[in-house]
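# Architecture at a glance
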Amino acid sequence: MKKLLTTIIGIILLFGCQPRLIEPPSFTLESYPKVDGSTVTIPLSEALAAQLTGSSLEQVRPMIHHSKTHEAYINLIDRQVDLIFVTYPSIEEQRYAQDSDVVLEIIPIVSEAFVFLTHKDNPVDSLTLSQIQDIYQGKITNWNQVGGDDVPIVAYQRPENSGSQSGFLELVMKGLTPMEPPINWIQGSMGDIIDAVATYQNEPDAIGYSYYYFVVDMWGNDQVKLLKVNDVYPNNETIASKQYPIHTHYYAVYRQDEPSNSDVRKIVDWLLSESGQQLAEDFGYVKVN
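Description of the structure in this document. Bear in mind the structure is a predicted one, so any value in this text is a computation, not a measurement.

### Topic: the layout of surface pockets
Roughly 560 Å³ of volume is contained in the largest pocket. If you trace the largest pocket, you find 24 residues lining it, with Ser90, Glu160, Gln165, Ser166 and Leu169 closest to the centre. Only α5 (91–99) and α7 (163–173) provide two or more residues apiece to the lining of the largest pocket. Per-element accounting of the lining of the largest pocket gives the leading share, 4 residues, to α7. Taken together, the residues of the lining of the largest pocket break down into 11 nonpolar, 8 polar and 5 charged.

### Re the pairing of strand β10 (residues 247–255)
Along a regular strand, successive side chains alternate from one face of the sheet to the other. Most of β10 sits inside the fold, with 9 of its 9 residues counted as buried. Because side chains alternate across β10, one face comprises the buried residues His247, His249, Tyr251, Val253 and Arg255, and the other comprises Thr248, Tyr250, Ala252 and Tyr254, equally buried. Summarising the sheet, strand β3 (residues 83–86) and β10 pair through 3 bridges and their orientation is antiparallel. When the sheet's bridge partners are listed, Phe85 is paired in β10 with Ala252. With 9 bridges connecting them, strand β4 (residues 104–119) and β10 associate as antiparallel partners. Within β10, the residue paired with Ile107 across the bridge is Ala252.

### Observations concerning the nonpolar core
For soluble globular proteins, the rule of thumb is that nonpolar side chains tend to be buried together. With 77 residues, the main nonpolar core has Phe116, Tyr136, Val172 and Ile207 as its most contacted residues. Examining the composition of this core, we find that 8 residues originate from one element, β4, more than from any other. Grouped together as the second largest cluster of nonpolar side chains are 14 residues, Ile84, Ala97, Leu104 and Ile106 included.

Rules of the game
By convention here, each chain's residues receive numbers from 1 onward along its written sequence. In keeping with the model being predicted, local features are shown solely for residues with a pLDDT of at least 70 and side-chain atom pairs are shown and tallied solely at 80 or more, while totals for entire chains, interfaces and linings include all residues. With hydrogens and water stripped out, all remaining heavy atoms of the structure feed into the side-chain values. A pocket, in this scheme, is an open set of points on a 1 Å grid over the protein atoms alone with protein on both sides within 12 Å along at least 5 of 7 lines, while a cavity is a set where a 1.4 Å probe fits but cannot get out; residues line either one if an atom lies within 4 Å of a point. Grid points are joined across faces, edges and corners, and a volume is the space filled by probe spheres set on the points. Where helices and strands are cited, they refer to DSSP runs of H or I of at least four residues and of E of at least two residues respectively, numbered from the N terminus. Amino acid classes used here: Ala, Val, Leu, Ile, Met, Phe, Trp, Tyr, Cys and Pro are nonpolar; Asp, Glu, Lys and Arg are charged; the rest, including Gly, are polar. Here's how the labels work: a residue is buried when its accessible area is under 20% of the maximum for its type, exposed when over 50%, partly exposed in between, all with a 1.4 Å probe on protein chains only. Strands are treated as partners if at least two bridges between them are detected by DSSP. Residues belong to a common nonpolar core when they are buried Ala, Val, Leu, Ile, Met, Phe, Trp, Tyr or Cys residues joined through side-chain atoms within 4.5 Å.

See the structure below:
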């Protein structure tokens with residue numbers, strides 16, 4: 001698999017580079033490239049399009065269509081769109097790119113954290129990464145095994161190839177095989193998994209996962225709480241410093257055969273500039289430092 005990754009994915013590593021001051025490219029609503037992406041990057045995509053077309057958010061919303069992570073990768077590889085804002089590709093998406101003779105350039109554009117949540121009344125506030133892995137392998141099945149009440153753990157998951165499921169497997173399980181959950185423990189959307197944790201039989205028994213930005217800035221449910229992982233609580237500061245242990249990014253992804261001075265490359269270049277990173281931060285994202 002390592003060979004597969006290095007042969008089909010061109011990754012531009014921009015860590016350690018200071019944001020630059022560059023002029024933003026300018027577009028009309030009609031000339032703006034076709035963009036797709038995950039649910040959690042919709043606010044970023046809208047803000048970017050508004051900034052670069054000199055339009056309002058209300059004006060650009062009808063032209064920003066994010067079909068979720070997996071569909072966005074398929075659309076990019078099939079040349080239906082020019083640029084996507086997503087989480088890292090799943091193994092299946094990488095193979096589809098390889099089979100389609102498409103090389104992807106994957107560029108980190110904002111920092112993010114993969115977070116775990118439970119009901120606000122659950123007495124457990126912190127888990128180690130090892131405990132989370134054991135819960136999702138079915139080795140820990142009761143909250144009393146991690147300092148909680150004597151109740152079974154309901155461990156929700158997301159469908160295969162969803163952005164958060166791919167992140168869960170890559171960032172958390174790290175090659176470990178999660179248990180096969182009952183069908184009603186698989187939640188179709190990131191919002192569904194948050195609400196399921198909040199309302200599970202009116203008891204604080206469930207655990208789920210998502211991305212920090214979605215939970216805090218997009219969805220919001222005052223019946224859930226974020227868990228510390230390895231005693232570190234996820235917030236903008238611990239994510240930016242990478243003190244929170246499950247750190248990741250959102251990525252701009254485009255085909256490697258994009259011309260060197262293409263509009264797509266100009267957009268990504270500006271997004272990584274000082275002004276572009278400030279725009280991302282203004283909309284609640286964490287700068288990619």
